[in-house]
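Understanding the architecture of this molecule
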Amino acid sequence: MKQLRVKVLGGLFVVAGILAWAGARLWDSFGTLPSVPVAAPIVLALIAVVLAATALSLRSRLKAQRERLAEAKGVDPLVAARAVVFGQASALVAALVAGLYGGVGVFLLTSGVDGARRAQAVYAGLSVLAGAGVVAAAIFMERVCKLPEGDDGEDGPGATRA
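Residues numbered from 1 in each chain as written. Predicted model: local features only at pLDDT ≥ 70, side-chain atom pairs only at ≥ 80, totals over all residues. Heavy atoms only, no water.

**Some remarks on the confidence of the model for the protein**
Low pLDDT means the predicted coordinates in that region are not meant to be read closely. Rules: Confidence of the predictor at the level of single residues is given by pLDDT, which spans 0 to 100. Secondary structure is summarised from DSSP: a helix means a run of H or I of at least four residues, a strand means a run of E of at least two, and numbering begins at the N terminus for each.
Here the protein shows a mean pLDDT of 87. Residues at 70 or above account for 90%. Within the protein, the lowest mean pLDDT, 92, falls on helix α2 (residues 39-66), and the highest, 94, falls on helix α1 (residues 6-30).

Following this line, the structure appears as structure tokens:
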């Protein structure tokens, strides 16, 4: 399994932002631009919280397992692998969605800010911030589940190779 590359996520964000800005500009010239949903930053923030909570839980379980504590719960390698895949997929989607909302937000800010467009630009900006939170939580998850260097994985802590 390959590690997430920040350059790939940044490139996806920029390309999606440029396409969203151009699409919003075109759409607005033909009619009314659809609004940015209020739930967009909320959903992205919830995904970031779930990823961070999962990563913290796995980190504490792996630490207890490495220290060979009696009450330590083991981490199934398949669970760790699924967590990493969920984190990577979430980061890719969040980079794409944040880029889309970022492009729409830039269009809204540059096209004349009235009361309604200002609120839409705020929702778009919050969505970009929440998307960055998802990416950060996914990268943290990936680092938590990475095997230490030199570990062959046969009797290691049960994490996945990244």
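**Focus: the nonpolar core**
Selection criterion: For our purposes a nonpolar core is just a set of buried Ala, Val, Leu, Ile, Met, Phe, Trp, Tyr and Cys residues, chained together by side-chain atoms within 4.5 Å. Relative accessibility thresholds used throughout: buried, under 20% of the residue-type maximum; exposed, over 50%; partly exposed, between the two (1.4 Å probe, protein chains only). The contact rule is simple, with two residues in contact once any of their heavy atoms fall within 4.5 Å.
Within the largest apolar cluster, 24 residues are counted, with the highest numbers of intra-cluster contacts made by Leu58 and Met141. Breaking this core down by element, the ones donating at least two residues are α2, α3 (77-110) and α4 (115-144). Ranked by the residues each element gives to this core, the list is headed by α4, at eight residues. Not counting chain neighbours up to four residues away, the residues in contact with methionine 141 comprise Leu51, Thr54, Ala55, Leu58, Ala83 and Val84. In this structure, Leu33, Ala40, Phe107 and Ala121 belong to the second largest nonpolar core, which totals eleven residues.

**Points about α4**
Let me state the cut-off plainly: By this rule the span expected of a helix is its residue count minus one, scaled by 1.5 Å. Here a polar contact means two N or O atoms within 3.5 Å. Within protein one must be a hydrogen donor candidate and the other an acceptor candidate, and residues neighboring in sequence count only if both atoms are side-chain atoms.
The end-to-end C-alpha distance of α4 is 44 Å, a good match for the 44 Å that 30 residues give at a rise of 1.5 Å each. Two or three places before arginine 117, at the start of α4, stands the capping residue aspartate 114, its side-chain oxygen 3.0 Å from that residue's backbone nitrogen.

**Regarding the pattern of salt bridges**
Stated formally: Salt bridges, as used here, are contacts in which a Lys or Arg side-chain nitrogen is within 4 Å of a carboxyl oxygen on Asp or Glu.
Inspection of the entire model under this criterion finds two salt bridges. When the shortest N-O distance is used, the salt bridge between arginine 117 and aspartate 28 registers 2.9 Å. Of this pair, arginine 117 sits in helix α4 while aspartate 28 is found in helix α1, placing the two residues 89 residues apart along the sequence. When the shortest N-O distance is used, the salt bridge between glutamate 142 and arginine 143 registers 3.0 Å. The partly exposed category is assigned to arginine 143, whose relative accessible area is 43%.

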